[in-house]
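# Understanding the architecture of this molecule
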Amino acid sequence: MPTLFAPAERAAAVDLRRQVAYFSAETLTRHLLDAVPGILAILNAHRQIVYANQALQSLLGGEGRGPLSGLRPGEALACIHACRSDGGCGITENCSTCGAVLSILAGLAGKKDVRECRITRRVQDRMEAMDLEVQSVPLEYRGEKFTVVAVSDISHEKRRVVLENIFFHDILNVAGSIKGFAELLRDYDPAGKDEIFALIHAAAERVIDEIQAQRMVAAAENRELQVHPETLRS
């Protein structure tokens with residue numbers, strides 16, 4: 001059974017409309033926030049969206065703030081856990097370890113907080129994982145508590161770290177074998193020298209292949225990879 005983690009109550013419709021109006025298109029604040037290139041939202045004390053900037057709207061494919069008003073972040077992002085409870089985002093047992101929820105709650109408690117989280121979301125009948133860095137900053141306006149939430153997509157950074165760890169692990173293994181063969185030739189006079197030379201040559205070629213592959217991955221990450229499509233017969 002789902003476990004209540006964060007408050008499930010939501011703002012009354014009249015209160016939500018008033019809070020959304022604070023950041024309406026007629027205000028200078030909204031124009032300034034829309035100019036921010038990063039993903040940014042303002043949540044009320046019930047963790048509901050009362051403002052989403054253009055970057056967030058574009059990410060979610062929205063056409064204005066209307067469809068997002070009143071939603072919680074996990075609901076807007078289509079997190080798979082947000083629909084598992086009547087209370088929505090932040091209510092289930094899975095949410096108790098969600099960095100986004102914990103950061104938002106800290107912001108509403110008056111503390112600036114930065115955390116990382118991974119959200120598994122459903123987009124057009126397919127599953128997608130996003131690694132995010134969520135920063136929450138408390139905001140009090142007209143006697144009401146809000147939190148400003150800035151989100152950075154760090155999926156590419158996480159992916160790069162994993163690939164680099166694999167690369168270094170493989171390179172060290174191959175370099176270690178080359179060193180071992182070289183020490184064998186230095187300290188002894190083995191009968192099968194030609195075979196050892198062949199092994200050293202093969203290991204050196206593998207090192208070159210690994211370095212070239214890593215360079216190709218780096219070029220792809222930086223969108224600098226030159227591709228050359230070829231037709232193959234299966």
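Residues numbered from 1 in each chain as written. Predicted model: local features only at pLDDT ≥ 70, side-chain atom pairs only at ≥ 80, totals over all residues. Heavy atoms only, no water.

## Observations concerning the pattern of salt bridges
Enumeration over the complete set of coordinates arrives at 12 salt bridges. One salt bridge in this structure joins Glu-128 and Arg-121, with 2.7 Å as the shortest N-O distance. Each of the salt bridges in this network shares a partner with another, and the network as a whole consists of Asp-15, Arg-18 and Glu-144. (Salt bridge = Lys/Arg side-chain N within 4 Å of Asp/Glu carboxyl O.)

## Details of helix α5 (residues 99–108)
For an α-helix, the turn length of 3.6 residues means that residues three or four places apart are oriented alike. The buried fraction of α5 amounts to eight of the 10 residues, a majority that puts the element mostly inside the structure. Among the residues of α5, Gly-99, Ala-100, Val-101, Ser-103, Ile-104, Ala-106, Gly-107 and Leu-108 are the ones counted as buried. Check the buried side of α5 and you find it contacts β1 (39–44), α4 (73–76), β3 (113–123), β4 (126–141) and β5 (144–153). Gly-110 lies just past α5 and shows a positive phi near 95°. (Buried < 20%, exposed > 50% of the residue type's maximum accessible area, 1.4 Å probe, protein only. Helix = DSSP H or I, 4+ residues; strand = E, 2+ residues; numbered from the N terminus. Contact = heavy atoms within 4.5 Å.)

## Side note on a nonpolar patch on the surface
Together, Val-162, Leu-163 and Ile-166 make up a nonpolar patch on the protein surface, roughly 230 Å² of accessible area in all. Along the chain, Val-162 falls in helix α6 (residues 155–187). (Patch = residues over 30% accessible without salt bridge, like charges linked within 9 Å, V, L, I, M, F, W, Y side chains within 5 Å. Areas by Shrake-Rupley, 256 points an atom, 1.4 Å probe, with all protein chains shown as cover.)

## Focus on the nonpolar core
Residues Leu-43, Ile-49, Cys-117, Ile-119, Leu-132 and Val-134 are the most contacted members of the largest nonpolar core, which totals 24 residues. Elements with a contribution of two residues or more to this core: β1, β2 (49–52), α5, β3 and β4. Sort the elements by how many residues they give to this core and α5 lands first, with four residues. For Leu-43, the residues in contact, after removing those within four places along its chain, are Gln-48, Ile-49, Pro-73, Ile-104, Leu-108, Lys-145, Phe-146, Thr-147 and Val-149. Among the nonpolar cores identified, the runner-up in size contains 10 residues, and Leu-16, Leu-33, Tyr-51 and Phe-146 belong to it. (Core = buried A, V, L, I, M, F, W, Y, C linked by side-chain atoms within 4.5 Å.)

## Regarding the side chain of Glu-144
When you line up the elements, Glu-144 lands in strand β5. At 3.1 Å, the side chain of Glu-144 forms a polar contact with the side chain of Arg-18. Those residues within four positions of Glu-144 in sequence are excluded, and the remaining contacts are Arg-18, Gln-19, Tyr-22 and Leu-139. (Polar contact = N/O pair within 3.5 Å; in protein donor to acceptor, adjacent residues only side chain to side chain.)

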